[in-house]
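# Summary of structural features
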Amino acid sequence: MLDPNNRSLLTSLLTPPLGLVFDKGIATTYSLDPLSLLGVPVHLAWMANRDDASILQDPIQLLESLQRVAKRLTVFADRGRTAVPGKGNALFSLLESTIVEVRAPGGGAFHPKLWLLRFADPSNQRPPIIRLGVLSRNLTSDRCWDLSLVLEGEVRLATRPENGPLCNLLELLPDWVVSRLKTSRRKQITELTDDLLRTKLAPPADWQEVKFHVLGLKQTQWRPGPADEIALISPFLTDTAVAQVCGNAKQRVSLISRPDTLSALSAETRASFSACYVLDDAAETEDGEEQTSPDLVGLHAKAILLRRAWMTHLYVGSANVTNAAMVAGTNVEVLVELIGKHRKVGQVTDLLSQSGFGAVLSPFTDKDVCSAEDAEAQKIRSQLEDLQRAISDSSLNAECIQAPDGLWQVRLTSPSKIKVSGAQVKAWLLSREAETAVDAATLMEAQALLLPPVESADITGLVALSLSLSGQRLMFVLNLPLTAPEDREAAIMRRVIRNREGFVRYLKLLLGGFDQEFPAKPPAGDGKSLEWKKGLDYSAALLEDLVRVWSREPQRLNDVARVVEHLRGLAGDDGDIVPPAFDLVWKVFEAARVAKGR
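Since this is a predicted model, take the numbers as computed values, not measurements.

The rules behind these values
Residues numbered from 1 in each chain as written. Predicted model: local features only at pLDDT ≥ 70, side-chain atom pairs only at ≥ 80, totals over all residues. Heavy atoms only, no water. Salt bridge = Lys/Arg side-chain N within 4 Å of Asp/Glu carboxyl O. Helix = DSSP H or I, 4+ residues; strand = E, 2+ residues; numbered from the N terminus. Buried < 20%, exposed > 50% of the residue type's maximum accessible area, 1.4 Å probe, protein only. Expected span 1.5 Å × (residues − 1). Contact = heavy atoms within 4.5 Å. Core = buried A, V, L, I, M, F, W, Y, C linked by side-chain atoms within 4.5 Å.

## What to know about the pattern of salt bridges
Proximity of charged atoms lets side chains of opposite charge pair with each other. Tallied over the full model, the rule gives 37 salt bridges. Across the pair R118 and D23 runs a salt bridge, and its minimum N-O distance is 2.7 Å. Here D23 lies in strand β1 (residues 21-29) and R118 lies in strand β4 (residues 114-120), a separation of 95 residues in the sequence. Residues E191 and K24 are paired through a salt bridge, measuring 3.3 Å at the closest nitrogen-oxygen approach. Pair noted here: E191 is in helix α5 (residues 183-197) and K24 is in strand β1, with a separation of 167 residues, a long-range link. Here E191 falls in the partly exposed class, since its relative accessible area comes to 27%. Through salt bridges with shared partners, a single ionic network connects D23, K24, R118, K187, E191, D194, D195 and R198.

This is the structure in structure tokens:
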């Protein structure tokens with residue numbers, strides 16, 4: 001049970017089943033790293049065919065993946081919890097509509113970490129498959145120890161009442177959105193909810209039953225019920241919440257958390273368990289790695305394990321054993337309960353066996369209690385977090401206006417003043433580097449702030465903010481509704497596709513996928529062979545694909561037309577980006593499309 005050697009990657013969750021393709025999906029997360037999100041469309045679109053991480057480094061393949069998937073994937077994230085990536089990138093702009101910021105109805109955190117993906121058979125020979133991932137991990141790049149549960153099933157006609165709590169949560173999501181949610185995305189949510197309601201999600205091997213618990217919809221307390229034995233895994237704990245969750249347990253077997261969290265608990269709470277544990281130092285980092293920020297490593301898994309008579313119950317999901325999650329019920333959380341006979345799935349004590357989680361744990365006793373964080377540093381961090389919350393709740397507006405020399409600017413306004421209490425606030429566009437940040441003091445005084453002029457490709461409503469106070473800094477991103485220049489998509493494409501080779505590679509992706517690549521040039525100059533050529537001005541390499549797509553999937557030529565329209569007449573590094581010879585060929589297809597009414 002909970003074998004630490006049985007590790008899974010997020011990419012496994014995203015990879016379509018054999019023969020199926022990604023159709024649509026929803027993800028929910030508390031915190032969000034845009035760079036991690038940028039890699040998701042790549043896996044959903046391509047990784048079923050090719051396992052090559054180098055794809056993530058190729059802007060052409062990233063661009064096409066975003067074009068294919070971004071409109072069919074919606075990621076709900078807690079307002080103000082989107083992180084600032086290391087570098088700016090114009091491709092982040094294409095995530096604007098995918099990232100949907102929400103607020104929990106009870107005033108706490110929107111905290112569930114769900115993936116609901118629909119995979120379909122292009123030939124309609126098989127029913128669609130719904131894959132549900134319930135994680136303790138946010139959509140970020142940290143390296144913490146987390147837990148994930150993946151359930152899967154075919155969409156059928158009969159409804160499954162046991163999925164009702166999750167379906168109820170999905171139906172409520174649009175009501176919690178901070179900005180307007182597009183009609184197309186509302187429709188996708190409705191369709192996915194209907195599919196989930198008609199999908200039997202099979203439990204893992206040896207487990208008999210699956211139940212879903214959604215916390216925070218009515219701000220009520222939550223308890224797992226009576227237990228003969230109980231064990232808790234939670235990176236964050238409070239005495240009150242532990243007492244509530246374990247109140248009906250005859251024996252508290254083990255409590256597993258972080259050293260600072262256990263130190264902050266009362267001695268009575270720690271002593272009420274047979275033993276307390278933390279992750280062993282060796283499990284924090286791999287051999288040879290340096291210790292990074294404590295927020296990026298360590299325990300982040302959440303689980304409640306209990307035995308009730310001959311049955312074992314395992315709860316996994318997003319909820320910490322804290323007041324916000326389980327006592328006040330202000331956080332929105334999701335837990336999945338697996339139920340099985342303990343002779344098949346194991347008992348609570350098996351959790352600590354060397355074949356289970358016990359292999360990576362070390363005992364924690366009163367002599368291991370560490371001192372609390374410096375009170376002054378904690379006060380400053382709390383001030384910055386309060387300011388972050390105030391800015392996130394302030395209904396900032398973003399407007400795109402034209403600037404001289406063909407450039408554009410984003411104008412930020414606030415309907416009311418925001419008290420900064422001595423902190424410095426800076427703002428910049430996520431498509432640009434942090435060095436372009438400007439002082440946002442005027443914005444905090446409810447006066448308009450103009451960000452520096454940029455090209456249309458860099459215009460985005462994803463606005464990064466930096467808060468600094470007494471040597472501490474907190475950075476985050478807000479997704480502000482903005483009407484971008486009409487040519488932004490074309491401008492981003494022009495920035496990625498800079499020459500004829502890039503143009504041909506992009507069209508090869510549209511027409512054939514990643515398997516359709518140019519062969520590498522063989523060694524030249526030996527006098528015995530001729531160097532390979534890529535055909536008549538790059539165009540012959542595409543003619544066969546164009547003809548094939550014309551006869552089998554003519555609708556795919558719409559994408560080719562879009563790319564040609566954006567790039568025709570523009571000069572690249574080696575002349576016209578659209579090769580003249582290709583343009584002659586394409587005009588024949590254009591005429592034929594008009595004649596066929598396509």
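## Concerning α5
Its 15 residues place the ends of α5 21 Å apart at the C-alpha level, agreeing with the 21 Å of an ideal helix rising 1.5 Å per residue. Elements that come into contact with the buried residues of α5 comprise β1, β2 (73-78), β4, β5 (129-135) and α4 (164-172).

## Examining the nonpolar core
Membership of the largest hydrophobic core comes to 62 residues, with the highest contact counts inside it found for L37, L73, L91, W115, F503 and F582. Among the elements that line this core, the one with the most residues is helix α15 (residues 500-512), at 7 residues. Apart from the residues within four sequence positions on either side, L73 is in contact with F22, G25, I26, L37, V40, L44, T98, W115, R185 and Q188. Counting residues in hydrophobic clusters, the runner-up holds 53 residues, among them L151, C167, V253 and L299.

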